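Chain by chain, the residues:
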Amino acid sequence: MDEPARGRLTKDGIRIYETSDFAGMHKAGRLAAMILDEIAEHVEPGATTGRLDQIVTNKIETAGATSATIGYKGYQHASCISVNHVVCHGIPGSKIPKWKNDIPGRNDDTLLDGDILNIDVTVIVDGWYGDSSRMYVAGKPKPYAERLIQVTHDALMKGIEAVKPGNTFGDIGHAIQSYVEGQRMSVVRDFCGHGLGRVFHAPPNVLHYGRPGTGAVLEEGMFFTIEPMVNLGRPETRILADDWTAVTRDKTLSAQFEHSVGVTADGVEIFTRSPANRFHPTYGE
């Protein structure tokens with residue numbers, strides 16, 4: 001469905017929204033962030049990804065909002081839940097793929113002590129899309145998993161720091177890539193952030209790697225997500241037979257954080273800030 005005419009389009013096909021549109025994005029983003037705050041207490045060893053998704057579904061319905069993902073290209077869940085070496089688009093309630101350090105016999109969607117997981121939620125509020133994801137830990141994480149989460153979180157924040165009029169999307173990607181690779185980890189290149197607003201996905205593609213000064217120039221009124229996926233090992237991914245779940249090819253751990261942002265006259269606004277300051281799993285922005 002085409003985006004309703006609003007604002008103008010740049011030569012790169014990126015929509016420039018009006019100042020008054022920021023309020024709608026803040027409202028949608030706040031709901032997505034609140035749901036991710038509230039799901040935290042349910043993430044523990046023994047919980048199932050199917051149950052977590054049902055909680056997300058109930059919270060969206062209670063808020064009088066709509067899930068953007070239920071029915072999207074045939075997807076039937078209100079969240080994506082990606083555990084351990086699942087990079088993104090993990091299907092709640094499905095068997096969690098084994099990874100190289102998993103215990104033998106794992107054959108369901110039950111979380112184990114030390115599992116790390118990304119929960120990704122997108123809601124529609126009054127026609128505006130709020131899209132965010134963050135990391136959680138079931139029980140106590142291994143030190144290398146904890147470090148991966150920290151590096152991924154900090155990479156997102158470095159990307160956001162590069163958002164201001166006159167900079168380019170290449171500046172965002174370079175800020176993320178240079179930091180991650182400096183930590184001896186890798187940035188996934190098969191998936192990227194995207195424009196949003198009155199639609200789920202729109203130009204531009206927001207790459208999490210790149211060269212400074214390249215790509216479209218940032219302008220006030222652009223809305224998009226930044227959502228780096230970082231692997232402990234190599235960056236390559238593969239898609240499982242369900243045509244959704246993406247995993248690391250080398251079965252090393254992966255992490256992701258995502259915010260929806262808008263370019264302002266002098267910088268950036270984050271639409272999906274955690275109202276409870278729980279965006280980081282140790283409860284710090």
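Refer to the structure presented above.
Residues numbered from 1 in each chain as written. Predicted model: local features only at pLDDT ≥ 70, side-chain atom pairs only at ≥ 80, totals over all residues. Heavy atoms only, no water.

## Side note on the overall build of the protein
Scanning the protein from N- to C-terminus turns up four helices and 17 strands. A compact globule built from 285 residues should have a C-alpha radius of gyration of about 19 Å, and the protein, at 18 Å, falls within 12% of that. For the protein, the spread of C-alpha atoms along the three principal axes comes to 55 × 45 × 35 Å. The buried share of the protein, reckoned over its 285 residues, is 55%. Pairs at least 24 apart in sequence give 69% of the contacts found in the protein among residues at least 6 apart. Of the accessible surface of the protein, which amounts to about 12,100 Å², a share of 49% is contributed by carbon and sulfur atoms. (Helix = DSSP H or I, 4+ residues; strand = E, 2+ residues; numbered from the N terminus. Rg over C-alpha atoms; globule rule 2.2 N^0.38 Å. Buried < 20%, exposed > 50% of the residue type's maximum accessible area, 1.4 Å probe, protein only. Contact = heavy atoms within 4.5 Å. Areas by Shrake-Rupley, 256 points an atom, 1.4 Å probe, with all protein chains shown as cover.)

## Topic: the sheet that holds strand β8 (residues 186–187)
Judged by pairing direction, the sheet is antiparallel, and its three strands sit side by side in the order β8-β12-β15 without closing on themselves. At either end of the open sheet lies a strand with only one pairing partner, and these are β8 and β15 (254–256). Strand direction decides the pairing type here: strand β12 (residues 229–231) and β15, joined by three bridges, are antiparallel. If you follow N231 over to β15, its bridge partner there is S254. (Pairing = 2+ DSSP bridges.)

## Some points on the sheet that holds strand β14 (residues 246–248)
Picture the strands of a sheet paired through backbone hydrogen bonds; they go either parallel or antiparallel. The sheet built from three strands is open, its strands ordered β5-β14-β13 with antiparallel pairing. Every interior strand has two partners, whereas the edge strands, β5 (86–88) and β13 (237–239), have only one. When the angles between neighbouring strand axes are averaged without regard to direction, this sheet yields 40°. Inspection of the sheet shows β13 paired to β14 by three bridges, in the antiparallel sense. Each residue of the ladder has a partner; that of R238, found in β14, is V247. (Axes fitted to C-alpha atoms, helices over the stretch in contact; angles between N-to-C directions.)

## A closer look at helix α1 (residues 22–39)
Compared with an ideal rise of 1.5 Å per residue, which puts 18 residues at 26 Å, α1 spans 26 Å between its outermost C-alpha atoms and is within 8% of the ideal. Buried residues along α1 sit in contact with α2 (49–62), β6 (116–125), β7 (128–137), β11 (223–226), β16 (259–263) and β17 (268–270). (Expected span 1.5 Å × (residues − 1).)

## Digging into the nonpolar core
One broad rule of soluble globular proteins: the nonpolar side chains tend to lie buried together. Residues I116, F169, I172, V180, M222, F224 and I226 are the most contacted members of the largest nonpolar core, which totals 38 residues. Looking at this core, the elements with two or more residues in it are β7, α3 (143–161), α4 (169–182), β11 and β16. Top contributing element to this core by residue count: α3, with eight residues. Counting residues in hydrophobic clusters, the runner-up holds 37 residues, among them M25, I119, V123 and F271. (Core = buried A, V, L, I, M, F, W, Y, C linked by side-chain atoms within 4.5 Å.)

## A short note on unusual backbone geometry
That bond from P203 to P204 is cis: its omega, 10°, falls within 30 degrees of zero. Here P204 is to be found in strand β10 (residues 202–206). If you check the backbone angles, K73 has positive phi at about 50° while not being a glycine. With respect to the secondary-structure elements, K73 resides in the loop between β3 (66–67) and β4 (80–83). Overall, K73 belongs to the exposed group, its relative accessible area being 67%. Phi at D126 takes a positive value of approximately 55°, unusual for a residue other than glycine. Following the sequence through the fold, D126 ends up in the loop between β6 and β7.

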